[in-house]
Amino acid sequence: LVSDMKGVKAGKLRLAVITTAKYFVPRLLGPFCLRYPGIDVSLKVTNRERVLQRMADNEDDLYVLGQPPEGLEVVFEPFLENPLVVVASSSHPLAAEKIISPQRLVEEQFLMREPGSGIRLATEQFFAERALKLKVRMELGSNEAIKHAVAGGLGIAVLSAHTLALDHSSDELAILKVEGFPIRRHWYLAYPKDKRLSVIAQAFLDFLREESKLLGEHYLRGIPVFPGFSQDDQ
Ligand code: PGA
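Residues numbered from 1 in each chain as written. Predicted model: local features only at pLDDT ≥ 70, side-chain atom pairs only at ≥ 80, totals over all residues. Heavy atoms only, no water.

(A) View of the sheet that holds strand S3 (residues 62-65). Strands sit in the order S2-S1-S3-S10-S4 across an open sheet of 5 strands; the sheet is mixed. A strand with exactly one partner marks an edge of an open sheet, and here the two such strands are strand S2 (39-46) and strand S4 (74-81). When the angles between neighbouring strand axes are averaged without regard to direction, this sheet yields 20°. In this sheet, S2 lies alongside strand S1 (residues 11-18) in parallel orientation, the contact comprising 8 bridges. In the sheet register, Arg-14 faces S2, and the bridge partner there is Ser-42. The sheet contacts of helix H2 (residues 25-35) involve S1, S2 and S3, and relative to S2 the element is tilted by about 180°. Packed onto the sheet, helix H3 (residues 48-56) meets S1, S2, S3, S4 and strand S10 (186-192) and runs at close to 155° relative to S3. (Pairing = 2+ DSSP bridges. Helix = DSSP H or I, 4+ residues; strand = E, 2+ residues; numbered from the N terminus. Axes fitted to C-alpha atoms, helices over the stretch in contact; angles between N-to-C directions. Contact = heavy atoms within 4.5 Å.)

If you want it as structure tokens, here you go:
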């Protein structure tokens, strides 16, 4: 492959990724583009439903998703953990609690992502499995908007732990110690089974495999997931 890539001076890599992958994939693009300077990259960041739609329409070379969809002829490869946590403003009374039952959260006002979001889907599944119904105060189409609304005291929310990394607003947010959380998930690299990957897409796939192995050990370390969560206890 390396010899194949020597011949690749120019070309395009089209990626479509779910919202949380924007905290990781752009970082990889730096070193990738340094290695292959002639490559032009387009990165579409959107929600799960739209990424699946783009895959169905064959709009991109590779996709990043949070949960493999059922019944699709798709190749899926997990690469890094993407845990979901419950966040509240650090001044919220629940921020000081040691163990919070999921039932207790029914009394809270929730800020929820839009329909079509994988995080919303996972959150709804978690509470539905426990026959609990959340009070949704507001729907917001962005993880960042939710974070700021939580910091502003509008309510609590379920977010990917990655949204809390590298960010000063994290001081204003607390991860609640809710039983059953974090919800363990992964990011998956995906593409349709019948798709022939371009040389560039294959190079990116290999690069992502390599780099996430290297970075994986360190990457979640900076993220304040509460004790009890370890990357290794799969
Ligand atoms: P979403 O996916 O943007 O569709 O909510 C994010 C995730 O599953 O991590």
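(B) A look at the pattern of salt bridges. Summed over all chains, the structure comprises 15 salt bridges. We note a salt bridge from Glu-210 to Arg-35, for which the minimum N-O separation is 3.7 Å. Placement of Glu-210 in helix H6 (residues 199-219) and of Arg-35 in helix H2 is noted, with a sequence separation of 175 residues between them. When its relative accessible area of 44% is taken as the criterion, Arg-35 is described as partly exposed. The shortest N-O distance in the salt bridge between Arg-54 and Glu-59 comes to 3.6 Å. Given the relative accessible area of 18%, Arg-54 is considered buried. (Salt bridge = Lys/Arg side-chain N within 4 Å of Asp/Glu carboxyl O. Buried < 20%, exposed > 50% of the residue type's maximum accessible area, 1.4 Å probe, protein only.)

(C) Representation of the site of the ligand. The local shell around the ligand consists of Ile-18, Thr-19, Thr-20, Asn-47, Arg-48, Gly-66, Asn-82, Arg-113, Ser-117, Gly-118, Ile-119 and Arg-185. Contact between the ligand and Thr-20: an oxygen atom at 2.6 Å from a side-chain N or O atom of the residue. One of the side-chain nitrogen or oxygen atoms of Arg-113 is found 3.0 Å away from an oxygen atom of the ligand. Considering the ligand on its own, with 280 Å² of exposed area, one finds that the protein chains cover 99% of that surface. Here the shell around the ligand is composed, by residue class, of 2 nonpolar, 7 polar and 3 charged. (Near = heavy atom within 4 Å. Polar contact = N/O pair within 3.5 Å; in protein donor to acceptor, adjacent residues only side chain to side chain. Areas by Shrake-Rupley, 256 points an atom, 1.4 Å probe, with all protein chains shown as cover. Nonpolar A, V, L, I, M, F, W, Y, C, P; charged D, E, K, R; others polar.)

(D) Region of interest: the environment of Cys-33. Along the polypeptide, Cys-33 turns up in helix H2. With 171 residues separating them along the chain, Cys-33 and Phe-204 place their C-alpha atoms 9.8 Å apart.

(E) View of the sheet that holds strand S8 (residues 157-160). Pairing in this open sheet of 3 strands is antiparallel, and the strands run S8-S5-S9 from one edge to the other. Two strands bound the open sheet, and with one partner strand each, they are S8 and strand S9 (173-176). Within this sheet the neighbouring strands show an average axis-to-axis angle of 50°, counted without direction. Across 4 bridges, the pairing between strand S5 (residues 84-89) and S8 is antiparallel. Along S8, the bridge assignment pairs Val-86 with Val-158.

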